[in-house]
Amino acid sequence: MNIIIPEKLPGKSAHLTMAPFHRIDSLKFEVNPPKEAIRSSVLILLIPSEFGLETVLIKRNIYNGIHSGQISFPGGKCDKEDSDITETACREAYEELGIRTQDYKIIGHLSRLYVPPSNYLIYPVLAISDKRPDYKPDPREVSEFIHVPISKFNPANSQICKVEAGPSLTVEAPAYVVEGHVIWGATAMILAELYQVAAAADKISRINP
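Residues numbered from 1 in each chain as written. Predicted model: local features only at pLDDT ≥ 70, side-chain atom pairs only at ≥ 80, totals over all residues. Heavy atoms only, no water.

**A few points about the overall build of the chain**
The criterion, for reference: Numbering of helices and strands runs from the N terminus; a helix is a DSSP stretch of H or I covering at least four residues, while a strand is a stretch of E covering at least two. All radius of gyration figures rest on C-alpha atoms, and the globule criterion is 2.2 Å times the number of residues raised to 0.38. Buried, partly exposed and exposed residues are distinguished by accessible area as a fraction of the type maximum, computed with a 1.4 Å probe on protein chains only: under 20%, between the cut-offs, and over 50%, respectively. Contacts are residue-level and defined by heavy atoms, with any inter-residue pair within 4.5 Å sufficient. Accessible surface area values rest on a Shrake-Rupley calculation with a 1.4 Å probe, where residue burial reflects the displayed protein chains alone. Counting rule for charge: Lys and Arg are taken as positive, Asp and Glu as negative, and neither His nor the chain ends is counted. For the purpose of locating charges, the reference atoms are NZ of Lys, CZ of Arg, CG of Asp and CD of Glu.
A count of helical and extended segments in the chain gives four helices and eleven strands. A compact globule built from 209 residues would reach a C-alpha radius of gyration of about 17 Å, and the chain, at 16 Å, matches this within 12%. Viewed in the frame of its principal axes, the chain has a C-alpha envelope of about 50 × 35 × 35 Å. Taken over 209 residues, the chain has a buried fraction of 49%. Pairs at least 24 residues apart make up 65% of the contacts formed inside the chain by residues separated by at least 6 positions. When the accessible surface of the chain is totalled, it reaches about 11100 Å², and 52% of it is carbon and sulfur. Charge centroids of the chain, computed over 22 positive and 25 negative side chains, lie 4 Å from each other.

Spelled out as structure tokens, the structure:
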């Protein structure tokens, strides 16, 4: 199945379906992120499987930071040497999982998302591969990785979970629970948009095979 990226993305409407409850009001009225927001990028790698398209997620190691131990896409902040956000996503995917650029094809982008706790402005980059790459995870950054069918990320399948949002801070948020992993926050919000785009593409492919 090919993903057809629409000109107008779901964006905020999709993000709101999986936004932590304390984030909903600010997200509704957010127009532009702060000028000092840190530009960052993640790679969403789509891979065909017997269950349809799947994507790969990583579990970050425990460290002294706001996203310690969380499930996320491979990615990180833009370096001065990066020519654009796509190069950032590709570089980070190689550094964290050893995914080479020749292993996939860039097919588009999803909506950017501002994350207040880290002050990151995330640009999701979409790529597709014909098979699972030969991963070489960096043990300093990645404790494990998982493959999940995109069909799992229907917000209707989410659960309300109590999650650690920082030192001594627990909040309630909608989350996907997959293989015992709780996927919430920015990653869940991006996955909600990915699900909508993939579902629309599937409907298109069924009408126009």
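**Here we look at the state of the cysteines**
The criterion, for reference: Defined by distance alone, a disulfide is two cysteine sulfur atoms within 2.5 Å.
Summed over the entire model, instances satisfying the criterion amount to zero disulfides. You can see Cys78 has no disulfide; the closest cysteine sulfur is in Cys90, sitting 12 Å from it. In this structure Cys78 comes out as partly exposed when scored by relative accessible area, which is 23%.

**Digging into the side chain of Ser40**
As for its position among the elements, Ser40 is in strand E1 (residues 38-49). For Ser40, the contacting residues outside a window of four places in its chain are Gly76, Lys77, Cys78, Tyr120, Leu121, Ile122 and Tyr123.

**Describing the pairing of strand E7 (residues 120-128)**
Basically, it comes down to this: In short, DSSP must find at least two bridges between two strands for them to pair.
Buried residues dominate E7, accounting for eight of its nine residues. By the bridge criterion, four bridges tie strand E5 (residues 105-109) to E7 in an arrangement that is antiparallel. When the sheet's bridge partners are listed, Lys105 is paired in E7 with Ile128. If you look at the hairpin formed by strand E6 (residues 113-115) and E7, you'll find four residues sitting between the two strands, and Asn119 has a positive phi there, around 60°.

**Side note on the environment of Leu46**
If you trace the backbone, Leu46 turns up in strand E1. For the pair formed by Leu46 and Val56, sequence separation is ten residues and the distance between their alpha carbons is 7.7 Å.

**Overview of the pairing of strand E10 (residues 169-178)**
Bridging between E10 and strand E11 (residues 181-183) involves three bridges; their strand directions are antiparallel. Each bridged residue has a counterpart across the sheet, and for Tyr176 the counterpart in E11 is Ile183. Connecting E10 to the next strand, E11, in antiparallel fashion are two residues, including Glu179 with a positive phi near 50°.

Function cannot be inferred from these measures alone, as they are strictly geometric.
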